[in-house]
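# Examination of the molecular architecture
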Amino acid sequence: MNHALKSKNVLTPDGLKAAVVIIENGLIREVLDYTADSGIDTEDFGELVIMPALTDTHVHINEPGRTEWEGFETATKSAAAGGITMLTDMPLNSTPVTTNVNALKKKTEAAINKLYVDCGFYAGVIPGNSNELEGLIQNGVLGFKAFMIHSGIDDFPDVSEYDLRKALDVLKSMTDLPLLVHAELEDVPDSENGMKRAQYDECSFKSFVDTRPKEWENKAIELLIKLCREYDYHIHIVHLSSSDAIEMIRSAKQEGLKLTVETCPHYLYFSSEEIADKDTRFKCTPPIRDTVNREKLWDAVREGVIDFIVSDHSPCDPGLKCFDEGSFEKAWGGLSSLQLGLSIVWTAAKERGFTLENVSKLMSANTAAFIGLENKKGKIEKGFDADLVFFDPVKKFIVDESELFHRHKITPYSGRELCGVVNATYLRGKKIFENGKILSKPEGEIIFNHQDTKSPRNIFEI
Ligand SMILES: [Zn+2]
């Protein structure tokens, strides 16, 4: 049951080095010096980088109920092809939304025998469901998600400060699972905003960005920092786009608050200036902003103010993108990029002087730690799952939609040249993807939280 892999470039916690990785029963048994004789069959990968597989903690899989948008099978195949072995699914866009135990059970049942990589679930915090939270924790969710603005899905309503407080009262009394929040607060309710909106050209990307100003994010984050301090509870800001919020996040962290922050490949790769009008592939909220904003996000990533990078893969039926009309007002918001994340981020990070080790920390170790898997995934170290990516960091490729495993192939990265190719992916020591092909049966597991052991949340020590 054991075998060994060797390469001149194994990404270990001590950096990139020549090493032999011994795998036994799906776990890393040992990492030996390159010249050591392991005494067992060893496959030699030459110069190819062997790095920890990625954990993507922000994915909308949409099953059950909107499987025609994505689904467990297509999402986890895409993940395998992108070097990702662990996903966390968001509680909305599926029907039912994951806001009570019955819905969580339906989701769990829907996932059985369809997972090509591991997958866990978040549950939703919505107005009036605070009495459901205990059951959801006991049934293994990895965290909770709330919206401070309309989510786009009517059965997943947004929360007020009052609702957040009710949820935090419950959560604080029984768990330390993170509360993830979509941080945008409208300055004027939509109903009163009609006149203002009428002046906008709904096909213009610039106008779209103007309708979702940075102030909305800044105001929401200000409130979240206040609650984080008051409750001394782990609050996580999803998909940060506004660079104006970085300063207050930095001081909140310096103060020692349990605040974490993610951003996404699209905020780090694209800039609003290059996005053509009517190209609704780029619609997401908060929106992609200008170049100056993007570079400030990179600075925050470099500094560690932003903890990690996740896809926020959120596809939909292509018809809902309203391509004919090109209306950013009417099109469904959400970008599709799951399979491409590592190459996108590596391409942009490398240009800015980041190393592969930096990228691995941002997309593997830190994301795994965020959901309590800091001793299981995200590192090539003794005792960890043998979840590995074989990555060629030099080879370039043009994004070809026909090579994507996503249910729908539309992505704004189509035709872009990216650097870094995922040659193969291993899940618990088994090769599940190689050279464009899925090799395994669906052998991914559903990952539940470990409330019994109360595993410490190392994310604050990273
Ligand atoms: Zn999302």
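Only a predicted model underlies this, so the values are computations on that prediction, with no experimental measurement involved.

## Points about the overall build of the protein chain
Within the protein chain, the secondary structure is distributed over twelve helices and 18 strands. For a compact globule of 462 residues, the expected C-alpha radius of gyration is about 23 Å, and the protein chain comes in at 21 Å, within 12% of that figure. With the principal axes as the frame, the protein chain shows a C-alpha extent of 75 × 50 × 40 Å. Counting over 462 residues, the protein chain shows a buried share of 51%.

## Some thoughts on unusual backbone geometry
What is expected of a backbone is that most residues other than glycine have negative phi and most peptide bonds are trans. Note that the residue after Thr-95, namely Pro-96, is joined by a cis bond; omega there is 0°. Summarising the element assignment, Pro-96 is placed in the loop between β7 (84-89) and α2 (101-111). Pro-286 follows Thr-285 through a cis peptide bond whose omega is -10°. For Pro-286, the position within the fold is in the loop between α9 (265-269) and α10 (291-303). One non-glycine residue, Asn-93, lies in the positive phi region at around 90°.

## Describing the nonpolar core
In this structure, Val-21, Val-117, Leu-179 and Val-181 are the most contacted members of the largest nonpolar core, which totals 134 residues. If one sorts the elements of this core by residue count, helix α12 (residues 356-370) sits on top with eight residues. Not counting the four nearest positions on each side in its chain, Val-117 is found in contact with Thr-76, Ala-79, Ala-80, Ile-84, Thr-85, Met-86, Leu-87, Leu-427 and Gly-444.

## Describing the sheet that holds strand β9 (residues 123-124)
Reading across from one edge, β9-β10-β11-β12-β13-β14 is the order of the six strands in this open sheet, with parallel pairing throughout. In this open sheet, the two edge strands, each paired with only one partner strand, are β9 and β14 (308-309). Here strand β13 (residues 259-263) pairs with β14 via two bridges, running parallel. Bridge assignment links Glu-262 to a residue of β14, and that residue is Phe-308. Lying over the sheet, helix α7 (residues 214-231) contacts β11 (179-182), β12 (235-237) and β13, oriented at roughly 160° with respect to β12.

## Structural notes on the pairing of strand β2 (residues 15-24)
In summary, the side chains of a regular strand alternate between the two faces of the sheet. Both strand β1 (residues 2-12) and β2 contribute to a ladder of nine bridges, which runs antiparallel. Directly across from Val-10, in β2, lies its bridge partner Lys-17. Hairpin geometry of β1 and β2 is characterised by an intervening segment of two residues between the two adjacent antiparallel strands. Where β2 lies against strand β3 (residues 27-33), six bridges are found, and the strand directions are antiparallel. Note on β3: the bridge partner recorded for Glu-24 is Leu-27. From the end of β2 to the start of β3, which pair antiparallel, there are two residues, and Asn-25 there has a positive phi angle of about 50°.

## So, helix α1 (residues 72-81)
Of all ten residues that make up α1, ten are buried, and the element is covered over most of its length. Turning to α1, its buried residues number three or more, namely Phe-72, Glu-73, Thr-74, Ala-75, Thr-76, Lys-77, Ser-78, Ala-79, Ala-80 and Ala-81. Where α1 terminates, the next one or two residues include Gly-83, which has phi positive at roughly 80°.

## Description of the sheet that holds strand β8 (residues 118-121)
Within the open sheet, the three strands sit side by side as β6-β7-β8. Their pairing is parallel. On the outer flanks of this sheet lie β6 (54-59) and β8, each paired with one strand and no other. The sheet shows a mean angle of 20° between the axes of neighbouring strands, taken without regard to direction. As defined by bridge partners, β7 adjoins β8 across four bridges and the pair is classed as parallel. Considered in β8, the bridge of Leu-87 is made with Cys-119.

## Looking at the packing of helix α11 (residues 341-351) against α12
Contact geometry for α11 and α12: axes closest at 10 Å, N-to-C directions at 140°. When the axis of α11 is compared with that of α12, the two are oblique. As α11 runs across α12, the sense of the crossing is right-handed. Residues Gly-341, Leu-342, Val-345, Trp-346 and Ala-349 of α11 pack against Asn-358, Val-359 and Met-363 of α12. The class makeup of the residues in the contact of α11 with α12 is six nonpolar, two polar and no charged.

## Things to note about the environment of Leu-54
Among the structural elements, Leu-54 can be located in strand β6. We classify Leu-54 as buried; it has 34 C-beta atoms within 10 Å. Separated by 28 residues in sequence, Leu-54 and Gly-82 have C-alpha atoms that sit 8.5 Å apart. For Leu-54, the residues in contact, after removing those within four places along its chain, are Gly-83, Ile-84, Gly-341, Leu-342, Met-363 and Ser-364.

## A few points about the environment of Trp-69
Following the sequence through the fold, Trp-69 ends up in the loop between β6 and α1. Along the primary structure Trp-69 and His-406 are separated by 337 residues, whereas in three dimensions their C-alpha atoms are 9.3 Å apart. Apart from residues lying up to four places away in sequence, Trp-69 is in contact with Asn-62, Asn-93, Pro-315, Cys-316, Asp-317 and Arg-407.

## As for the packing of α7 against helix α8 (residues 246-254)
The relative placement of two packed helices comes down to the angle between their axes together with the axis-to-axis distance. Contact pair α7 / α8: the axes reach a minimum separation of 10 Å and the direction vectors enclose 10°. Comparing their axes, α8 and α7 come out roughly parallel. In contact with Ile-221, Glu-222, Ile-225 and Cys-228 of α7, α8 contributes Met-248, Ile-249 and Ala-252. Of the residues belonging to the contact of α7 with α8, the class tally is six nonpolar, no polar and one charged.

Calculation notes
Residues numbered from 1 in each chain as written. Predicted model: local features only at pLDDT ≥ 70, side-chain atom pairs only at ≥ 80, totals over all residues. Helix = DSSP H or I, 4+ residues; strand = E, 2+ residues; numbered from the N terminus. Rg over C-alpha atoms; globule rule 2.2 N^0.38 Å. Buried ≥ 20, exposed ≤ 12 C-beta atoms within 10 Å, placed from the backbone. Core = buried A, V, L, I, M, F, W, Y, C linked by C-beta atoms within 7 Å. Contact = placed C-beta atoms within 7 Å. Pairing = 2+ DSSP bridges. Axes fitted to C-alpha atoms, helices over the stretch in contact; angles between N-to-C directions. Parallel < 35°, antiparallel > 145°, perpendicular 65-115°, else oblique. Left-handed = near helix turned anticlockwise from the far one by under 90°. Nonpolar A, V, L, I, M, F, W, Y, C, P; charged D, E, K, R; others polar.

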